[in-house]
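Spelled out from the first residue to the last, the chains are:
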Amino acid sequence: MNKKIKIAEKLFLACDFDEAFLRCKELAEEGNARAMYLLGILYGFGYGHVERNRDACLHWLERSTAEGEYLAWVAMASIIPPETTGVSTVFNGLAEMLIPLAQAGDIFAQYEVGMLYINGWGIEPDIEKGAEWIKKSADTGYFIAMDDLATLYKERALGSGREKDAWRYYLKAAGLGYRDAEYHLGECYYEGCGIERDLEKAVICYKKALSNGSMQAADALGTMCILGEGNVGDKHKAFSYFKKASQGGYIRSLGKLGDCYYYGRGIAQDFVKARTCYEEAWEHGDYFVAVRIGTIYLVGLGVAKDEKTALAWFTKSAEAGDPDGVYFLAECYWFGIGTLENKEKAITMYVNAAEVGQVSAMTRLGEMAQASKRYEEAVHWFESAASLGY
């Protein structure tokens, strides 16, 4: 391996992404497969000042594989869903090619072999074996491996009692300037995971992650503003954070931005803009916004009142598994909103929603039981709702 690519790798591992990008771009254009692999990762995640670019990511990773760098197949699957690229068809036998490279101490191969085991890509899934390889990579200095290993510890994929280890690995990766680890370290301080809860430190970590381009951190700061936590700012600041995160491609913030417009949080109330945000969020997989859209049509907020369209959105929400959607759909069948009354169907839906913690459904069932003088049942549902703070 020539000196130039070694220097590029060191820059990448030190999270000096802008300089690593320049060096990898030059080497990739000269035909260096490892540089193409690293360039694909830089484009795929948008590290440093490199703008995230799916097409450029695929281009360089595909060129890397064509030049014999099989690590690029795993990286491609990690960044872009395998079923959308056809990568899954080449997984068989990939582990056999990469394991010798990992055993020889290649830090990137160690990480990618770990990913093969954890995801079961072309090999029998084995989280513990995958974690062993990722730990080797992390302990050798790969920031992504540190962050992923910490997440395995935090989410108890390797058993309970590893929260302190999670915090340590996040801290180590954050110390290198890795934005995802900075964000996750903020989560640890916010949740009190592996370390004493400290909202001020959480804010510091989130702001540092945001300065390095983490839109998740912007979303977290916006949420803290709404909740009045950590002295981050007011609802006007929350709106700014959610807008920044949404514009930066963090889809979960779109629904929260819609809520700002819907309730007039930090911005003038605007149901049309709220609906636009909700519909875009829905298109990108945020199914919890469907209830909001349904409510907008049900009441006629910034749009002509349309009970059938409201019913359609509540149905979508219920089918996506949102308990609130099930409750509102039950309301439609109970009162005949956008459809014929169907009390029996409504009761079934109320029960389904209540059983997964929907407090309005619990209250409705309690009221029905009380009206029918089934007092014991009524008490059960009212107490259930009260225990959840309703």
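All figures in this text were calculated on a predicted structure; none of them were measured in a lab.

K.L.:
How would you explain the overall build of the chain if you had to name every residue and give the values?
P.N.:
Secondary structure summary: the chain contains 22 helices and zero strands in total. Principal-axis analysis of the C-alpha atoms places the extent of the chain at approximately 80 × 45 × 40 Å. Scored against the burial criterion, the 390 residues of the chain give a buried share of 50%. Here the analysis covers contacts within the chain between residues at least 6 apart in sequence; of these, 46% occur between residues at least 24 apart. When the accessible surface of the chain is summed, it comes to about 18700 Å², and 49% of that surface belongs to carbon and sulfur atoms. Taking the average place of the 42 positive charges on the side chains of the chain and the average place of its 55 negative ones, the gap between the two points comes to 4 Å.

K.L.:
Provide a residue-level description of the environment of Leu 176, including the pertinent values.
P.N.:
Along the chain, Leu 176 turns up in the loop between helix H10 (163-175) and helix H11 (179-191). Considering only alpha carbons, one finds Leu 176 and Leu 13, 163 residues apart in sequence, at a separation of 8.4 Å.

K.L.:
Describe helix H4 (residues 54-66), naming the residues involved and giving the relevant values.
P.N.:
Helix length check: H4, at 13 residues, gives a terminal C-alpha distance of 18 Å against a target of 18 Å (1.5 Å per residue), a fit within 8%. Packed against the buried residues of H4 are helix H2 (17-29), helix H3 (33-45) and helix H5 (71-79). A distance of 3.1 Å separates the backbone nitrogen of Asp 55 from a side-chain oxygen at the start of H4, and that oxygen is part of Asn 53. Once H4 ends, the next one or two residues include Gly 68, with phi positive near 95 degrees.

K.L.:
Talk me through the nonpolar core; I want residue IDs and the actual numbers.
P.N.:
One finds Phe 12, Tyr 37, Phe 108, Tyr 142, Phe 143 and Tyr 350 to be the most contacted residues of the largest nonpolar core, which totals 139 residues. Apart from residues lying up to four places away in sequence, Tyr 37 is in contact with Leu 61, Ser 64, Glu 69, Leu 71, Ala 72, Ala 75, Phe 108 and Glu 112.

K.L.:
How would you summarise the environment of Gln 110 if you had to cite specific residues and measurements?
P.N.:
With respect to the helices, strands and loops of the structure, Gln 110 is situated in helix H7 (residues 107-119). Here Gln 110 falls in the buried class, since its relative accessible area comes to 7%. When neighbours within four sequence positions are excluded, Gln 110 is seen to be in contact with Ala 102, Gly 105, Trp 133, Ile 134, Lys 136, Ser 137 and Thr 140. A distance of 3.4 Å separates a polar side-chain atom of Gln 110 from the backbone oxygen of Ala 102.

K.L.:
Give a detailed account of the packing of H3 against H4, specifying residues and quantitative values.
P.N.:
Each pair of packed helices can be summarised by the angle the axes make with each other and by the distance between the axes. Following both chains from N to C, one finds H3 and H4 inclined at 160 degrees, their axes separated by 8 Å at the closest point. On the basis of the axis angle, H3 is roughly antiparallel to H4. For the element pair H3 and H4, the recorded crossing hand is left-handed. Between H3 and H4, the contacting residues are Ala 33, Met 36, Tyr 37, Leu 39, Gly 40, Ile 41, Tyr 43 and Gly 44 on the first element and Ala 56, Cys 57, Trp 60, Leu 61, Arg 63 and Ser 64 on the second. Of the residues contributing to the contact of H3 with H4, the split by class is 10 nonpolar, three polar and one charged.

K.L.:
Which residues make up the packing of helix H12 (residues 199-211) against helix H13 (residues 215-227), and what are the values?
P.N.:
Following both chains from N to C, one finds H12 and H13 inclined at 140 degrees, their axes separated by 7 Å at the closest point. The handedness of the crossing between H12 and H13 is left-handed. For the pair H12 and H13, contact is made by Leu 199, Val 203, Tyr 206, Lys 207, Ala 209 and Leu 210 and by Met 215, Ala 217, Ala 218, Ala 220, Leu 221 and Met 224, respectively. Here the residues of the contact of H12 with H13 are counted per class, giving 11 nonpolar, no polar and one charged.

K.L.:
Pulling in residues and values, what's your account of the environment of Asp 270?
P.N.:
Summarising the element assignment, Asp 270 is placed in the loop between helix H15 (252-263) and helix H16 (271-283). Spatially, the C-alpha atoms of Asp 270 and Thr 315 are 25 Å apart, while their sequence positions differ by 45 residues. Here Val 272 takes part through its backbone nitrogen, which lies 3.1 Å from a polar atom of the side chain of Asp 270.

K.L.:
Any details on unusual backbone geometry? Residues and values, ideally.
P.N.:
Of note in the backbone geometry, Asn 231 takes a positive phi value of approximately 55 degrees without being a glycine. Tracing the sequence through the fold places Asn 231 in the loop between H13 and helix H14 (235-247). Here Lys 373, not a glycine, exhibits a phi torsion of approximately 60 degrees, which is positive. Relative to the elements of secondary structure, Lys 373 occurs in the loop between helix H21 (359-371) and helix H22 (375-387).

K.L.:
So what's going on with the pattern of salt bridges? Which residues, and what values?
P.N.:
Enumeration over the complete set of coordinates arrives at 18 salt bridges. For Arg 168, the salt bridge goes to Asp 165, with nearest N and O atoms at 3.4 Å. Residue Arg 168 and its partner Asp 165 are located together in helix H10, separated by three residues, close to a single helical turn. Among the salt bridges present, the one from Arg 275 reaches Glu 279, with a minimum N-O distance of 3.6 Å. Of the two residues, Arg 275 and Glu 279 both sit in helix H16, four residues apart, roughly one turn of that helix. On the basis of relative accessibility, which here comes to 24%, the residue Glu 279 falls in the partly exposed class. Salt bridges linked by common partners bring Glu 9, Arg 34, Glu 69 and Asp 106 together as one network.

Parameters and conventions
Residues numbered from 1 in each chain as written. Predicted model: local features only at pLDDT ≥ 70, side-chain atom pairs only at ≥ 80, totals over all residues. Heavy atoms only, no water. Helix = DSSP H or I, 4+ residues; strand = E, 2+ residues; numbered from the N terminus. Buried < 20%, exposed > 50% of the residue type's maximum accessible area, 1.4 Å probe, protein only. Contact = heavy atoms within 4.5 Å. Areas by Shrake-Rupley, 256 points an atom, 1.4 Å probe, with all protein chains shown as cover. Lys, Arg positive; Asp, Glu negative; His and termini not counted. Charge placed at Lys NZ, Arg CZ, Asp CG, Glu CD. Expected span 1.5 Å × (residues − 1). Polar contact = N/O pair within 3.5 Å; in protein donor to acceptor, adjacent residues only side chain to side chain. Core = buried A, V, L, I, M, F, W, Y, C linked by side-chain atoms within 4.5 Å. Axes fitted to C-alpha atoms, helices over the stretch in contact; angles between N-to-C directions. Parallel < 35°, antiparallel > 145°, perpendicular 65-115°, else oblique. Left-handed = near helix turned anticlockwise from the far one by under 90°. Nonpolar A, V, L, I, M, F, W, Y, C, P; charged D, E, K, R; others polar. Salt bridge = Lys/Arg side-chain N within 4 Å of Asp/Glu carboxyl O.

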